[in-house]
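Per-entry structural report
Residues per chain, in single letters:
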Amino acid sequence: GAVVSQHPSRVICKSGTSVKIECRSLDFQATTMFWYRQFPKQSLMLMATSNEGSKATYEQGVEKDKFLINHASLTLSTLTVTSAHPEDSSFYICSANRFRAGNSPLHFGNGTRLTVT
Amino acid sequence: KNEVEQSPQNLTAQEGEFITINCSYSVGISALHWLQQHPGGGIVSLFMLSSGKKKHGRLIATINIQEKHSSLHITASHPRDSAVYICAGRESNFGNEKLTFGTGTRLTIIP
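Residues numbered from 1 in each chain as written. Chains lettered and ligands numbered in written order. Predicted model: local features only at pLDDT ≥ 70, side-chain atom pairs only at ≥ 80, totals over all residues. Heavy atoms only, no water.

1. Looking at the state of the cysteines
In this structure the tally under the stated criterion is 2 disulfides over all chains. In this model A:Cys23 forms its disulfide with A:Cys94; the gap between the sulfur atoms is 2.0 Å. On the sign convention where negative means left-handed, the S-S torsion of about 85° between A:Cys23 and A:Cys94 marks this disulfide as right-handed. Pair noted here: A:Cys23 is in strand S3 (residues 19-25) and A:Cys94 is in strand S9 (residues 90-97), with a separation of 71 residues, a long-range link. Each member of the pair, A:Cys23 as well as A:Cys94, is classed as buried. A sulfur-sulfur separation of 2.1 Å characterises the disulfide bridge that pairs B:Cys23 with B:Cys87. Where B:Cys23 bonds to B:Cys87 through sulfur, the torsion about that S-S bond is close to 80°, and the disulfide is right-handed. One end of the pair, B:Cys23, is in strand S3 (residues 19-25); the other, B:Cys87, is in strand S9 (residues 83-91), and 64 residues separate them in sequence. Here B:Cys87 falls in the buried class, since its relative accessible area comes to 0%. (Disulfide = S-S within 2.5 Å. Helix = DSSP H or I, 4+ residues; strand = E, 2+ residues; numbered from the N terminus. Buried < 20%, exposed > 50% of the residue type's maximum accessible area, 1.4 Å probe, protein only.)

2. Regarding the environment of A:Cys13
Residue and element names in this part refer to chain A. Tracing the backbone through its elements, the reader meets Cys13 in strand S2 (residues 10-13). Overall, Cys13 belongs to the buried group, its relative accessible area being 9%. Through-space distance from the C-alpha of Cys13 to that of Gly109 is 21 Å; in sequence the pair is 96 residues apart. Beyond its immediate sequence surroundings of up to four residues, Cys13 is in contact with Val19, Ala84, Leu114, Thr115, Val116 and Thr117. (Contact = heavy atoms within 4.5 Å.)

3. Observations regarding the interface of chain A and chain B
Interfaces are often described in size by the accessible area the parts lose on coming together. Taken together, the 20 residues of chain A in the interface contact 21 residues of chain B. Interface area for chain A against chain B, summed over the two sides, is near 1600 Å², with a carbon-plus-sulfur share of 57%. Taken together, the links from chain A to chain B amount to 0 salt bridges. Counting residues per element, the ones that place at least two in the side of chain A that touches chain B are strand S4 (32-38) and S9 of chain A. Classifying every residue of the side of chain A that touches chain B gives 9 nonpolar, 8 polar and 3 charged. (Buried area = accessible area lost by both parts, 1.4 Å probe. Salt bridge = Lys/Arg side-chain N within 4 Å of Asp/Glu carboxyl O. Nonpolar A, V, L, I, M, F, W, Y, C, P; charged D, E, K, R; others polar.)

4. Digging into the packing of aromatic side chains
All names here are of chain A. For the coordinates displayed, the defined rule picks out 4 aromatic pairs over all chains. Centre to centre, the rings of Tyr36 and Phe108 are 6.2 Å apart; their planes meet at 40°, and the pair counts as tilted. Taken as a pair, Tyr36 in strand S4 and Phe108 in strand S10 (residues 107-108) lie far apart in primary sequence, 72 residues in all. Phe108 carries the same exposure label as Tyr36, and that label is buried. Ring geometry for Phe67 against Tyr92: centres 6.4 Å apart, planes inclined by 40°, an arrangement best described as tilted. Here Phe67 is found in strand S7 (residues 67-73), whereas its partner Tyr92 is found in strand S9, with 25 residues between them in sequence. (Phe/Tyr/Trp six-rings, centres within 6.5 Å; stacked < 30°, edge-to-face > 60°.)

5. Section: the sheet that holds strand S6 (residues 52-56) of chain B
All names here are of chain B. Within the open sheet, the 5 strands sit side by side as S1-S3-S8-S7-S6. Their pairing is antiparallel. A single partner strand is all that each edge strand has here, and the edge strands are strand S1 (4-7) and S6. Here the average twist between neighbouring strands, direction ignored, is 15°. In the sheet, S6 pairs with strand S7 (residues 59-64) via 5 bridges, with the strands oriented antiparallel. (Pairing = 2+ DSSP bridges. Axes fitted to C-alpha atoms, helices over the stretch in contact; angles between N-to-C directions.)

6. A few points about the nonpolar core
A:Trp35, A:Leu79, A:Tyr92 and A:Leu114 are the most contacted members of the largest nonpolar core, which has 23 residues in total. Contributions of two or more residues to this core are made by S2, S3, S4, strand S5 (45-51), S7, strand S8 (76-81), S9 and strand S11 (112-116) of chain A. Once residues lying within four places of it in the same chain are set aside, the contact partners of A:Leu79 are A:Val19, A:Lys20, A:Ile21, A:Trp35, A:Phe67, A:Leu68, A:Ile69 and A:Tyr92. Core analysis: the next-biggest nonpolar cluster, separate from the first, contains 22 residues, B:Val4, B:Ile21, B:Val27 and B:Leu72 among them. (Core = buried A, V, L, I, M, F, W, Y, C linked by side-chain atoms within 4.5 Å.)

As structure tokens, this is what we get:
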């Protein structure tokens with residue numbers, strides 16, 4: 001079956017540093033990938049939609065300069081949390097859709113737990 | 001008011017019990033997804049429904065488009081079914097795959 005790989009699964013960083021999270025579709029092409037954030041005991045919140053070859057679309061309230069998204073190929077999207085602060089500590093998870101698959105099933109990465117000290 | 005609401009928020013049951021989780025939505029959707037999130041955070045897609053009923057093993061999902069309501073059933077529940085179950089509606093516009101998530105139902109099955 002389709003697999004989406006997300007790396008790293010867990011990261012601890014110091015305040016002020018930047019952290020890059022990768023999301024790869026391993027056996028299919030993904031024109032669109034989605035980045036979500038989840039606080040403890042809350043549901044997923046869409047941060048941005050990553051489109052291959054074009055700029056990401058950010059949800060209201062999400063700072064595009066702080067959460068940099070790059071989707072340079074049909075199998076890789078990256079989310080970089082710049083100048084991280086403790087309030088950025090959260091669970092980040094990506095999902096991907098198959099290329100031109102319309103109403104296709106969802107494929108999620110396993111998530112990245114970010115802790116900023 | 002959330003556009004996608006789930007009930008109950010928490011559910012504890014004994015092993016073997018029949019489980020029902022409900023999802024009501026007020027947005028226009030092209031499909032509804034049921035997701036399972038394990039304690040480690042990983043999310044698995046269980047079902048994608050646009051009409052009727054689907055079954056996979058001990059899991060059954062139904063949707064009533066007119067009533068804007070979906071249910072997830074688990075038969076012969078087992079402790080390994082303990083997880084958070086999330087319903088999510090996919091918006092109607094083709095090409096816009098944005099999802100609206102319910103708040104999740106935390107299921108605990110006691111041996």
